[in-house]
Structures are given as structure tokens and as C-alpha cells.
Amino acid sequence: MKKKSLWIITALMTFALLGVFVMQMYYIRESYNLKSQLFEQNVNQALSSVVNKIQKTNVISRINKKDFEFKELKGRNIRMQTDSIVAFQIKHKESQALRRLKQRQQVLDYLGIQDSLIRDNFASPEIISEEDFVILSNPTPNDKNPLKLNVDDIKGPNGVLISRRVIPSFFRKRAVLNINRLPDTIRYLAFDRVTGLPQFINLPSIDPELRYKFKMEDAKIEYKYKTELERLYADTAIVYNAGNVSLLQDVAKEMANKDIPLEERMPSQEHLDTLIKRELLSKNIDLDYNYWVKPSNHKGKVIYQNVSLPNGDVLPKNTFQKVIFGNDLMIKDPGMLYLSFPNKNSLIFNNMFVTLSSSVGLLLVLISIFAYTIYAIIRQKKLSEMKTDFINNMTHEFKTPVATIMIASEALKDPDLTPDKARVNRLAGIIYDENVRLGSHIERVLNVAKLDNKELKLERNPVAVNDLISLVVDSMNLQLQKKDTELILALDADPDVVIGDELHLSNMIYNLIDNANKYSPETPKITIKTKNQANGICIEVSDEGIGMTKEQTKRIFDQFYRVPTGNLHDVKGFGLGLSYVNDIIKQMNGSVKVNSEKDKGTTFVIHLPFN
């Protein structure tokens, strides 16, 4: 994949992720606003309930204290209010009768005007009943002349019709209209003044505009009547009804106790606190709150409070207020109840926990997928590059022994070489050595492939680590001598026997020594140590070569990865050796660590358990 395509994909995914993030923030904000509105509504309802109960409690206490005074006042006020109700009802009925009379007169005026217009435009108009209309408009099949018309035709000598006179002979009793029970439609039977033909005329009994006007007037008057009547009844309700306090007691109490101070009308602070807490819990609001009671004019002292208030008239944030005795008629100072919630947002966010957690979880999942996708793309790109390098290196590594074998084989075909057995043996040895080398390369690639596919089965046999290291070093003697390598052995582990696969352990040690030798410029210096640790043996392979950076040490166990060698151009390999070492050690339940510093060397630390 090209860098341009990678940047385009990253930009598009980033834009999509930002879009999802913005939508989630908008959704959370709208949810917060909705929860805030619901919280405010519940708090206001709870405050209203608290105030109503304070009013009732105050009424009960005052009536219990002044029961005698209240009884005297009750009778007088009931009579006064009852007389007011009766007078109001009589006045309403009189005004209603007068209004009906005026409306009836307007209907009569309308019908008179319409009747005059019909009589001016038609001949012999008669009002007929609904029954006659049904008969005349739907005659029977045998009745061909239901209106019983006499037709007088005047014709000329040649039989041509000159004129026609239609004389109605239909006489019925004129329908009588009842102004109190008018039908929806008044039916007229009239005759055209020109043709003399009969026709029906339908006249609305009431003008639609008048009907709408009457409805609006009636509705308006009825609403005012009911509202005023409810107010009068509320003022004159029964004082005691099954032990409950009525609104009449409130009126009587206000008239008798209008000068009582606000603090004397309030319940105790403990009672008030209990009322507030109970009403808030009924609205599912379990939150710390502060409250205080003050005169409504803000000039008097605070009566109750459970928190120190700031100076000035500025209310704390998230404060709600309600007039306490707002329904009283004659009270001088109704008082104000304030309720404040310092931790309002904590309750709202707790209620939004599912919404917030799902949104955050979704965003984290999307961010993780986005990051992993970009990481996977970059990793695949690097892996593709490393595989390309691996193929190039493998081609080069295979090409050298194949070319050597081909040259030696061609030399053996030369007939002149047949008597020279020493040279033939030398060429045969070259072919054999190169075949071994080629087979070694193939074996390394196959072993890594088996490790990837979990097909490599390790043997579990006792292996003496010190002896194994010595054998590997002996087998690499010629290879080490070519670079004048200084090798230091400190094989101090005792006991040194572990359970493992001798072949793969020797390959592992070979790879570590080979890397130390290849990545060391000039004269390499390699140190191999073994020592005992808890439940196992520690093997250290150190060199003073080119070393690695921290970024490079994180990737050295990846397949196909090769550390850049700078000026060293003779370092060959597939980038599979350390990956193979790491997989073998893991399969033997061991661990490997690397400590390296650029241009100062590298140390591999391997821990192998005894069992």
C-alpha cells in the first residue's frame, strides 16, 4: 500500500471518528438537559407539596388553639358566603334569561328577513313540515303528479305551444314553527314566477354566524359563572369533613390571625426538614440539600436554615423557591421557602450512568478499532517490506551455494580432471559442504514455519547445558577463527541439567553466538556465562558489537526483522534466527530478555527451568 493511500484512509477514519464523537456529545448534552428539566419539575412538585402541608398544619394548629373563636366566626362567614352564592346564582339566571330573549329576537329578525326575500322572489311560498318534504320529494312510482298541478297550454293553429300556465292546486296546512324547537333546516315549497314550476327552498333555521356567536357568548358566560361559583364554594366549603381541614378554615383563620408573625405560623425546623426529605424521596431524589425560610420581602431575618448563607441577595446555584402562604387572603408576609442542591449534577450524572458508559464504551471501542486498524495496516506494510527483504536475502543465500555446486559439478565433468583424484575429492567436498549449507538454510526456514503452525514437537530429555554450549562452540571454531573472535566461557552453573530438546537448544545457542559474531565489527569479543537461579539456569550471551536502540530491541524477535548494520555490508541472514530462539524458549517454558546500547554491545539473558 502506498503512503498516499494510507494517509487518505487515516484521514477518512479520523473524520468518521470525530463525527461519531460529536454526535455522542450532542446526544449526551440533550440527555443532560432533559434530565435537568425532569429534576427541576420534580423539585418544584415536591416544594408545592411541602408548602401545602405547611399550610394545612398551620390551619390545624390555629383552629385547635382558637376553636371557640373559630366556631363563632364560622357560622357568620358561612351565612355570608351562602347568601353570596345564592345571590350570584339568581343574578346568573336572570342574565341568562335576558340573554336567551335577546338571542331569540335576533333569530326572529333573521327568519323575518329571509322569509321576506323568499316571498319577493318566489310565488306562493309555503313552509312545509319534514314529513311533507319527504313525501313530495320522493313520490311513489304510481303517483306521477304528487303536487297536483293544473297545466293550461295555449297552442296556435298549427299546434305550436304559445304559452303555458301552471296553476298549483296543492293546498296543505302551513307548518307552524316553534321558536324554542326550530329544526336545523326550514323547508319552503314555492313556485317560480316565470315558469310556474314548483321547487323546494332550504333555509337554515339559524344563521351560522349567529350560531357561532351564540356559542362563544354561552361558553364565555358559562366559564365565568363556573369559575366564580367554584371560588365562592371554595370560600364556603364545610369546615370539618371527616376530621379534615377545609378551605373555609383557612379564610376564617386568616381573618382572625392576620397579624401573626411568620415564624409562629411555621412548623418546627425538625418537622420542616422531615417534610422536605419525605417529599424529595417520593420523587426519587436522594440528594444532600440545603434549605432556609425568609420573609418574602427579603428584608427580615432568616427564620430557619441548615447552612450558612452568603451575604447579599445572590442565591446559590441550583436554588428553588416557593411562596409558603401564597393562597392566604389577608396575610401580610406569606414567606418564602428556599431549597438548594449543591450536588445536583452528581444525581443527574448517576441517572445518566448507562448513557455515559455506553457512549464512552462505544467511543473506546471505535478508537481501539481505529488504532488497531492503522497499526495493522502499518504493521502489514512493514511486514510486507520485511518479507520482500527476506525473499531477496533467501535468494542471495540460496544462490551462492547453488552457483558453487554448479561450478564444481561442471568442473567434475572435465575429462582431464578424472586422473587427479585429489582435485576430484576437493570438488566433491565443496559440493557436499554447499549442500549441507543449503540444507541448513532450508531447515531453518522449515523450523520457523513449523513453529508458526504449532507443528514442531520438542523432545523432553535431560540436557547438560554446559556441555552443550562447549560442543556448539567447538563446531563453530573455524567460523569464529575467520574473524579472530575472542570467546570467553564462564560456565558456572551447577547443576546444569535441564529437561528439553538438545537439537533445538544447540540451534538456539548457535544463533545467539552467530549473531554476536556477525554484528561485531573488527575483532569480536563474545562472553558466554551460565549460572543457577531459582528453579532454573540462566544463560548470558554478550558481545561488544554495534548494539541496538530501544525501538530496535522491541522488534528483534519479530519474523523477518533485521537490525540495520550501517557500514557492515557482509551480514547475511533471513531475519528468522531470533524469532526462532524466542519461540523455542517459550515452548520450553523459559524466558528471554535483551539488554543493549547503541555502539556498546548487546546481552541476551535466557532463563530455562529445570523441569
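Everything below is about the structure shown above.
Think of each chain on its own: its residues are numbered from 1, step by step along the sequence as written. The model is predicted, so local features are restricted to residues of pLDDT at least 70 and side-chain atom pairs to those at 80 or more, both for listing and for counting; the totals for chains, interfaces and linings are taken over all residues. Excluded from the side-chain calculations are hydrogens and water; all other atoms, namely the structure's heavy atoms, are used.

Student: When you look at the overall build of the protein in this model, what are you seeing that I'm missing?
Tutor: The numbering of helices and of strands both runs from the N terminus, where a helix is a DSSP run of H or I of at least 4 residues and a strand a run of E of at least 2. Looking only at helices and strands, the protein features 15 helices and 18 strands. The proportion of buried residues among the 611 residues of the protein is 36%. Here, residues are in contact when the closest pair of their heavy atoms is within 4.5 Å. Put simply, 70% of the contacts in the protein that link residues at least 6 apart link residues at least 24 apart. Where accessible areas are quoted, they stem from the Shrake-Rupley method and a 1.4 Å probe; at the residue level, only the protein chains shown are allowed to cover. Counting every atom, the protein has about 37,900 Å² of accessible surface; 56% of that belongs to carbon and sulfur. Exposure classes here rest on a 1.4 Å probe applied to the protein chains alone. A residue is buried below 20% of its type maximum, exposed above 50%, and partly exposed in between.

Student: Would you mind going over the packing of aromatic side chains with me for this structure?
Tutor: Two numbers describe a pair of aromatic rings. These are the distance of the centres and the angle of the planes. When the centres of two rings from Phe, Tyr and Trp lie within 6.5 Å, Trp using its six-membered ring, the rings pair. Their planes under 30 degrees apart give stacked, over 60 give edge-to-face, and anything left gives tilted. Scanning the entire structure with this criterion turns up five aromatic pairs. Ring centres of Phe320 and Phe341 lie 6.1 Å apart, and the angle between their planes is 70°; this geometry places the pair in the edge-to-face category. Of the two residues, Phe320 is situated in strand β10 (residues 319-323) and Phe341 in the loop between β11 (336-340) and α8 (344-351); the sequence distance between them amounts to 21 residues. Among the aromatic side chains, those forming a connected cluster through ring pairs are Phe39, Phe320 and Phe341.

Student: How should the sheet that holds strand β1 (residues 122-128) be read in this particular structure?
Tutor: The rule for pairing is simple: two strands pair if DSSP sees at least two bridges between them. Read across the sheet, three strands follow the order β1-β4-β5 without closing on themselves; strand pairing throughout is antiparallel. In the strand order of this sheet, the two ends are held by β1 and β5 (198-204), each with one partner. Sheet twist, expressed as the average angle between the axes of neighbouring strands with direction ignored, equals 30°. Here five bridges tie β1 to strand β4 (residues 185-192), and the two strands are oriented antiparallel to one another. Each bridged residue has a counterpart across the sheet, and for Glu126 the counterpart in β4 is Leu189. Interaxial angle, 0 to 180 degrees, is taken between N-to-C directions of lines fitted to C-alpha atoms, where a helix line uses only the stretch in contact.

Student: What is the right way to look at the side chain of Asn582 in this model?
Tutor: Positionally, Asn582 belongs in helix α15 (residues 577-587). Asn582 sits in the buried class, given a relative accessible area of 12%.

Student: Please explain the side chain of Ser31 as it appears in this structure.
Tutor: As for its placement among the helices and strands, Ser31 is situated in helix α1 (residues 3-65). When residues no more than four places from it in sequence are discounted, the contact partners of Ser31 are Met352 and Thr355.

Student: What is the right way to read the pairing of β4 from this model?
Tutor: Looking down a regular strand, the side chains alternate between one sheet face and the other. Across the eight residues that make up β4, a large majority, six, are buried. In terms of strand pairing, β4 meets β5 through seven bridges, oriented antiparallel. Residue pairing in the sheet places Tyr188 in a bridge with Ile201 of β5.

Student: Got a minute to help me understand the pattern of salt bridges in this structure?
Tutor: When the charged atoms of two side chains with opposite charge come close together, those side chains can pair. Salt bridge, as applied in this entry: a Lys or Arg side-chain nitrogen positioned within 4 Å of an Asp or Glu carboxyl oxygen. Summed over the entire model, instances satisfying the criterion amount to nine salt bridges. A salt bridge links Asp218 to Arg100; the shortest N-O distance between them is 3.0 Å. Here Asp218, found in helix α4 (residues 208-235), pairs with Arg100, found in helix α2 (residues 67-121); they are 118 residues apart in sequence, far enough to count as distant. In this structure, the salt-bridge partner of Glu597 is Lys600, at a minimum N-O distance of 3.4 Å. Taking relative accessible area as the criterion, Glu597 reaches 44% and is therefore assigned partly exposed. The exposed category is assigned to Lys600, whose relative accessible area is 59%. Bridged by salt links that share partners, the residues Arg99, Arg100 and Asp218 form one connected network.

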